[in-house]
Amino acid sequence: MAKSSESLSQRIFRTLLRALPFDFRVNYQGEMEGVFREQQREMEERGGFLEALKLWKETIVGIFTTAPREHWQILTSDCGYALRMMRKNFWFSAIAILTLTLGIGANAAIFSVVRAVLLRPLPYPNPQELIFIRQQEKKIGVDDLGLSVKEIEDYRAQNRTLAGLAEYHSMSFTLFGHGDPDRVRTGVVSANYFDLFGIQPLIGRTLLPDDEKLGAPPVLLLSYEYWKNNFGADLNIVGKTFEMNDKVHTVVGVLPPVPQYPDENDVYMATSACPFRTNKMHLEDRNMRMMEVFGRLKPGVTVAQSGADFSAIAAGLKAAYPKSYPENVGFTSVTNPLQEELTRSARPTLLLLLAAAAFVLLIACANVANLTLARMARRERELAVRSALGAGRGRLLRQLLTESFLMALAGGALGLLLAYGSLQLMTDFVGRLTPRAREIHIDSGVLLFALLIALGTSIIFGTLAALFSRADLTASLKEGSTGAGSGRRQGRVRNALIVCQIAFSFMLLIGAGLTVRSLYKMQQVHAGIEPQRVLALRATLNWSKYADAEKTRLVVSKLLERVQAEPGVVSAAISSRYPFEPEAITGGPESVSLSFLIEGRTLEPGEAPPVTTFASVSPDYFKTLGIPLRAGRLLAETDKDKAPEVVVINETAQRKFWPHEDPLRKRVSGDGGEHWATIVGVVGDVREFGLDKAPAPEAYVSQAQSPQPSALLVRTAAEPRGMQRALTGAIHDVDSQTAVTHVLTLEQARYESMASPRVTASLLGIFAGLALVIASAGIGGIMALMVSQRVREIGIRIALGARPETILQMVIGRGLFLAGLGIAIGIVGAIGMTSLVKSMLFEVPPTDAFTFAAVGLTLLAAAVFASYLPARRAAAIDPNEALRAD
Amino acid sequence: MFQILVALADGEKHGYAILKDVARRTADRVRLSAGTLYGNLSRLEGAGLIAESTRRPELVLDDERRRYYLLTEFGRAVAVAEAERMEDALVQARAKKLFRKAKLA
């Protein structure tokens, strides 16, 4: 009995000893077991449970106080050794750290974006309860119809799933009473808007239910940034008054510095203060849709349930008001979690960039693993000697991992700096895709991510290196330092790593190449206009002054007259929108589409009605933009208010709706048959919504007959930018209260419309470039190592008569072989990835032969370039030296 | 660690003997466990204060697993310096009448 309990105690003791470092155990385990045995024997002689307890307590405490100290000592010793080795192999360490910096930095940068945009919940209480409600006409591709006042009232009254429903729309108004008239982005919201989001004011109050009653005294809330930048964070701002839209507005509060969704606004007002929102048309006409609606779910209600609820209400509205909801357009209402809604357009691009960054990191890892293996090959003798002197494999592995980790840590720290430096670029880029971009910053999550990557990569390449180093270290002692057959297994692993690097680089380069080619194709597209020397100005009238159509017509007419009289103006036009307008690019044709009727045509049951985009333009619009006439006539001065209604369509509309007939003199109606307009002309197509989008059917109506002035377009004789001041002055001559904003040339607008694909291509290009550099360095390193390991063999070949060209061919050929293999695998991978990039390409197939060929040749050229120097050195080997060397 | 140096002052010992010597001299006030003992032996060996002895006792008394440690000259010098420092401290404490009752010397 005593014997078995003794052996159990010994077993437990031996298990406890595993807490101590391996080397320590190698040195002292035997003695410690002997001492413990003696102590046990003594304890048993003395007898008693308490004695046994005392012994175990002292033993356990002793081991667990000694263990951390011993581990720490080894760690500091390893770190010191690692730093000395890194200094000794300076270039290797520098290249490895640089490679890791690029890989980790790229990932940290992209992760900071993904974290802010996709992962982090919205900064409001219970953000998962917030939803966005959209009305759609699914069958005709209208994704977001907007809502009218009447519809909002109906949804508010009839829904059973929301704790609150708030409306929002954004306008540009002019604020008077604080220095120069200031154009302010104004959020027009229902009284419960801030309560819905759970936003408390910084000072003062938010809105009260009484504020949104019609006729209530207008109040204003300032955003934090506007208050800070324009009023010096004046704490006495509450109570101050300003004039907007011919009414006195009182400031009642300032918002805290929270991100604002869906737009950044300078000020907020209640719905009752917006001249648009409160005019009769918007209040009574169910079809005047311009609002967005947010909701907060009741506790326990799911998004799906609210979706069903709203869908049912929409069906009810359709049945109750058939004139407002045409048949067969697929009218319905949908709900989406707000977070998803805000990140929809950014998601695919960000995930693509994350994948690209991950590729770069894998390539960097493979490179450092290869470099480490190469370095270990050179240190084989050192490692063998240390092993012979008693260092176990575990100890060597630990030391290698410490070296790897230190390099990865250095790479990670520098990578974070790189990520921090690229923050502004990322924020600008992502800002085009989602309003969440302003939340991007390097925080503890990103730091942790970088640390984990550093740890992960060091473990991967350190372990790879250790595992595949020679199993039998003593054998390497017997061989020469560069034995002819040394490390065959190791060589295969290194070659495999290179091939993987090339394959990943190929895939990345294909991604970049395709997007660059796509961008190039986009730039070549003819937009359908002559954008040179055309200036576009957003002229926002003081809406309350021009509340009816007649007044608006008058001021438009005066504006045009005045501007056209300005020296240097070739022609001028007023329109409701213009090509490459930012809203048009982001909203797409659906944002300005309506369904219409064609006289004499009835729809089949279930057939969707024809849909067109429309614009209201003055007669000189086509001349100013250089849009050619194809048939009939353009809009003219005679198409006045009282004259018969006319419309001009584009070629796409003709092809789509009158493919086999002449559309001239046909009649169409945009209001269900109440008013009919006659088609008087056909003009050329314009790619208004983006160079990569096919032209949509377009209908142009006359500003005189449908006044909707928004933009002033001016073709100038000289450089248009130089005329900006004069034109603004001309506008202010007619009405000093008109805010003139968003002044840019059409060429600029065209350029800006391609910003998103341009930046995506640039980023992918940067990643691909990094990959190419890293992979090339990898090939060069491997070739150099191969040459240094085969010095004897090459020396013998030269001694036996091999010409330098043969040696060159041998080395470069090897490099090409590895690259070729990598390219072959890369082709398969790239073809497999086509679905990922398809949606981002324009007129370029995902398996574009030109791009594949160009990338393949680039990589082969890189392989030749990287192999050349080692090949030259091999060819220059002195056979005598080679044979003498050991 | 001082106690280990003192234990080796009168000749080489193996680990268990050091442990017993320290316990006896300090009347069990200082009790070393296997972990503490060998942690200290490792540090003392690393610092050059002790070394493994090359001499082995008679075969019949020998246990191959046991290693014998001896005090190096440097270790002896360090132990002496430490003992003198402690003696100084004791003299000063006595001069200042720190001990209320007379203590047996």
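Every value quoted in this text rests on a predicted model; they were computed, and no experiment measured them. (Residues numbered from 1 in each chain as written. Chains lettered and ligands numbered in written order. Predicted model: local features only at pLDDT ≥ 70, side-chain atom pairs only at ≥ 80, totals over all residues. Heavy atoms only, no water.)

Participant: Is there a simple way to explain the overall build of chain A in this structure?
Facilitator: Broken down by element type, chain A carries 29 helices and 22 strands. Here chain A has a C-alpha radius of gyration of 37 Å; the compact-globule value for 886 residues is 29 Å, and the former is much larger. C-alpha atoms of chain A, sized along the principal axes, occupy 110 × 85 × 60 Å. When each of the 886 residues of chain A is scored for burial, the buried share is 53%. Counting contacts in chain A only where the partners sit at least 6 residues apart, residues at least 24 apart contribute 81% of the total. Carbon together with sulfur atoms contributes 60% to the accessible area of chain A, which is approximately 39,300 Å² in total. Of the charged side chains in chain A, 93 are positive and 85 negative; the average position of the first set lies 9 Å away from that of the second. (Helix = DSSP H or I, 4+ residues; strand = E, 2+ residues; numbered from the N terminus. Rg over C-alpha atoms; globule rule 2.2 N^0.38 Å. Buried < 20%, exposed > 50% of the residue type's maximum accessible area, 1.4 Å probe, protein only. Contact = heavy atoms within 4.5 Å. Areas by Shrake-Rupley, 256 points an atom, 1.4 Å probe, with all protein chains shown as cover. Lys, Arg positive; Asp, Glu negative; His and termini not counted. Charge placed at Lys NZ, Arg CZ, Asp CG, Glu CD.)

Participant: Would you mind showing me how to read the overall build of chain B here?
Facilitator: The number of helices and strands found in chain B is 4 helices and 3 strands. For chain B, buried positions account for 34% of its 105 residues. Relative to all contacts within chain B whose residues are 6 or more apart in sequence, the contacts with residues 24 or more apart total 47%.

Participant: For this particular structure, what's the right way to read the pattern of salt bridges?
Facilitator: In a structure, side chains of opposite charge can pair up when their charged atoms sit close to one another. Residues and elements named next belong to chain A. All chains considered together, the criterion is met by 49 salt bridges over all chains. Across the pair E264 and R438 runs a salt bridge whose closest N-O atoms are separated by 2.7 Å. Placement of E264 in the loop between β7 (247-254) and β8 (267-270) and of R438 in the loop between α14 (423-431) and α15 (444-467) is noted, with a sequence separation of 174 residues between them. Taking the relative accessible area as the measure of exposure, R438 reaches 32% and is therefore partly exposed. (Salt bridge = Lys/Arg side-chain N within 4 Å of Asp/Glu carboxyl O.)

Participant: Looking at this structure, I do not really get the interface of chain A and chain B. What am I missing?
Facilitator: Note on interface size: it is often stated as the accessible area lost on association of the parts. With 19 residues of chain A at the interface, the matching set in chain B holds 21 residues. Together chain A and chain B conceal approximately 1,900 Å² of surface at their shared face, both sides included; 48% is due to carbon and sulfur atoms. Interface area lost by chain A to chain B is led by Y28(A), E31(A) and V35(A), which between them contribute 30%. Here chain A and chain B share 3 salt bridges between them. In this structure, K20(B) and E42(A) form a salt bridge, with 2.5 Å as the shortest nitrogen-oxygen distance. Where chain A touches chain B, the interface holds 11 residue pairs in polar contact (both at pLDDT 80 or more). At the level of secondary structure, the elements contributing two or more residues to the side of chain A that touches chain B comprise α2 (22-46) and α3 (49-88) of chain A. Examining the composition of the side of chain A that touches chain B, we find that 10 residues originate from one element, α2(A), more than from any other. Taken together, the residues that form the side of chain A that touches chain B break down as 6 nonpolar, 5 polar and 8 charged. (Buried area = accessible area lost by both parts, 1.4 Å probe. Polar contact = N/O pair within 3.5 Å; in protein donor to acceptor, adjacent residues only side chain to side chain. Nonpolar A, V, L, I, M, F, W, Y, C, P; charged D, E, K, R; others polar.)

Participant: Whenever I open this one, empty space enclosed by the protein confuses me. Can you help?
Facilitator: Here the idea is plain: a probe the size of a water molecule rolls over the atoms and shows the empty space left. All names here are of chain A. A complete count under the given rule lists 5 cavities of 30 Å³ or more for this structure. For the lining of the largest cavity, the secondary structure elements donating two or more residues are α6 (193-197) and α7 (224-231). Class assignment of the residues belonging to the lining of the largest cavity gives a composition of 12 nonpolar, 2 polar and 1 charged. (1 Å grid on protein atoms, 1.4 Å probe; cavity = no way out; pocket = protein on both sides within 12 Å on 5 of 7 lines; lining within 4 Å. Points joined across faces, edges and corners; volume = space filled by probe spheres on them.)

Participant: Hey, could you run me through the side chain of E341(A) in this one?
Facilitator: Residues and elements named next belong to chain A. Inspection of the secondary structure puts E341 in helix α10 (residues 338-343). Under the relative-accessibility criterion, E341 is labelled buried at 13%. Setting aside residues no more than four positions away along its own chain, E341 makes contact with F132, R134 and N336.

Participant: Hey, could you run me through the packing of α14(A) against helix α24 (residues 755-789) of chain A in this one?
Facilitator: Residue and element names in this part refer to chain A. Remark: α14 packs on α24, axes separated minimally by 10 Å, with the N-to-C direction vectors making an angle of 140 degrees. The angle between α14 and α24 places the two elements in the oblique class. Considering the relative orientation of α14 and α24, their crossing is left-handed. Residue-level contacts link L425, M426 and F429 of α14 to S756, V759, T760 and L763 of α24. Across the contact of α14 with α24, the residue classes tally to 5 nonpolar, 2 polar and no charged. (Axes fitted to C-alpha atoms, helices over the stretch in contact; angles between N-to-C directions. Parallel < 35°, antiparallel > 145°, perpendicular 65-115°, else oblique. Left-handed = near helix turned anticlockwise from the far one by under 90°.)

Participant: I tried to follow the layout of surface pockets on my own but got confused; where do I start?
Facilitator: Residue and element names in this part refer to chain A. Approximately 510 Å³ is the volume attributed to the second largest pocket. Along the walls of the second largest pocket sit 20 residues, with I95, A777, G780, G781 and A784 positioned nearest its centre. The class makeup of the residues in the lining of the second largest pocket is 13 nonpolar, 4 polar and 3 charged.

Participant: How do you make sense of the pairing of strand β17 (residues 646-650) of chain A when you look at a structure like this?
Facilitator: Where a strand is regular, its side chains alternate between the two sheet faces. All names here are of chain A. Burial within β17 is extensive, with 5 of its 5 residues counted as buried. In β17, alternate side chains face the same way, and those of V646, V648 and N650 on one face and V647 and I649 on the other are all buried. As judged from the 5 bridges shared by β17 and strand β19 (residues 677-683), these two strands associate in the parallel manner. Note on β19: the bridge partner recorded for V646 is T678. In this sheet, strand β20 (residues 698-702) lies alongside β17 in antiparallel orientation, the contact comprising 3 bridges. Bridging across to β20, V647 finds its partner in V701. (Pairing = 2+ DSSP bridges.)

Participant: Looking at this structure, how should I read the sheet that holds strand β3 (residues 68-71) of chain B?
Facilitator: Adjacent strands of a sheet pair through backbone hydrogen bonds, lying either parallel or antiparallel. Residue and element names in this part refer to chain B. As summarised here, the arrangement of the 3 strands in space is β1-β3-β2, forming an open sheet in which the pairing is antiparallel. The sheet is open, and its two borders are formed by β1 (13-14) and β2 (50-52), each paired with just one other strand. Where β1 lies against β3, 2 bridges are found, and the strand directions are antiparallel. The partner of K13 across the bridge, within β3, is Y69.

Participant: Is there a simple way to think about the packing of aromatic side chains in this case?
Facilitator: Aromatic ring pairs: the centre-centre distance and the angle between the two ring planes describe each pair. All names here are of chain A. The full count for this structure, using the stated rule, is 27 aromatic pairs over all chains. For the ring pair F13 and F36, a centre distance of 4.3 Å and an interplane angle of 0 degrees mean the geometry is stacked. In this pair, F13 sits in helix α1 (residues 2-17) while F36 sits in helix α2, placing the two residues 23 residues apart along the sequence. For F13, a relative accessible area of 0% corresponds to the buried category. Ring pairing ties together the aromatic residues Y124, F132, Y168, Y193, F194, F197, Y268 and F294, which thus form one cluster. The positively charged end of R286 is found above the aromatic ring belonging to Y321, 3.7 Å away from the centroid. (Phe/Tyr/Trp six-rings, centres within 6.5 Å; stacked < 30°, edge-to-face > 60°. Lys NZ or Arg CZ within 6 Å of the ring centre and 35° of its normal.)

Participant: Can you walk me through the nonpolar core in this structure?
Facilitator: Counting 106 residues, the largest nonpolar core has L350(A), M407(A), V430(A), F506(A), L508(A), F767(A) and L859(A) as the members making the most contacts within it. Setting aside anything within four residues of it in sequence, one finds M407(A) in contact with M86(A), F92(A), S93(A), A96(A), I97(A), L100(A) and F461(A). Core analysis: the second largest hydrophobic core is formed by 33 residues, L19(B), V22(B), L32(B) and L49(B) among them. (Core = buried A, V, L, I, M, F, W, Y, C linked by side-chain atoms within 4.5 Å.)

Participant: Hey, could you run me through a nonpolar patch on the surface in this one?
Facilitator: Residue and element names in this part refer to chain A. On the surface, L409, L448, L451, L452, L455 and I459 cluster together into a nonpolar patch covering about 520 Å² of accessible area. For the nonpolar patch, the leading source of residues is α15, giving 5 residues. Mapped onto the secondary structure, L448 falls in helix α15. (Patch = residues over 30% accessible without salt bridge, like charges linked within 9 Å, V, L, I, M, F, W, Y side chains within 5 Å.)

Participant: Teacher, can you tell me more about unusual backbone geometry here?
Facilitator: Residue and element names in this part refer to chain A. The phi angle at A233 is positive, at roughly 55 degrees, despite the residue not being glycine. Tracing the sequence through the fold places A233 in the loop between α7 and β6 (241-244). Looking at A233, the relative accessible area reads 28%, which means it is partly exposed. You will see that E843, though not glycine, has its phi angle at about 55 degrees, which is positive. Among the secondary structure elements, E843 is positioned in the loop between α27 (834-838) and α28 (849-875).

Participant: Hey, could you run me through the confidence of the model for chain A in this one?
Facilitator: Within chain A, residue pLDDT values average 86, and 95% of them lie at 70 or more. Predicted confidence for residues 481-486 of chain A stays below pLDDT 50, and this span has 8 contacts to residues more than four positions away or in other chains. (pLDDT = per-residue confidence, 0-100.)

Participant: Teacher, can you tell me more about the confidence of the model for chain B here?
Facilitator: In low-pLDDT segments, the atomic positions of the prediction should not be examined closely. Residue and element names in this part refer to chain B. With 85% of its residues at a pLDDT of 70 or more, chain B shows a mean pLDDT of 86. Mean pLDDT in chain B bottoms out at β1, which sits at 90, and peaks at helix α4 (residues 73-95), which reaches 93. In the predicted complex, the global pTM is 0.73; the interface-specific ipTM is 0.86.

Participant: It is not clear to me how helix α5 (residues 149-158) of chain A should be interpreted in this structure. Could you clarify?
Facilitator: Helical periodicity: at 3.6 residues per turn, an α-helix aligns residues three or four positions apart in one direction. Among all positions of α5(A), only V149(A), E151(A), I152(A), D154(A) and Y155(A) are buried. On its buried face, α5(A) is in contact with β1 (130-137), β2 (162-176), α8 (280-284), β9 (292-297), α9 (303-320) and β10 (331-337) of chain A.

Participant: I keep staring at the environment of G198(A) and nothing clicks. Help me out?
Facilitator: All names here are of chain A. One can find G198 in the loop between α6 and β4 (203-204). Judged by relative accessible area, G198 falls into the partly exposed class, the value being 33%. The spacing of G198 and P127 is 71 residues in sequence and 9.6 Å in space, taken between C-alpha atoms.

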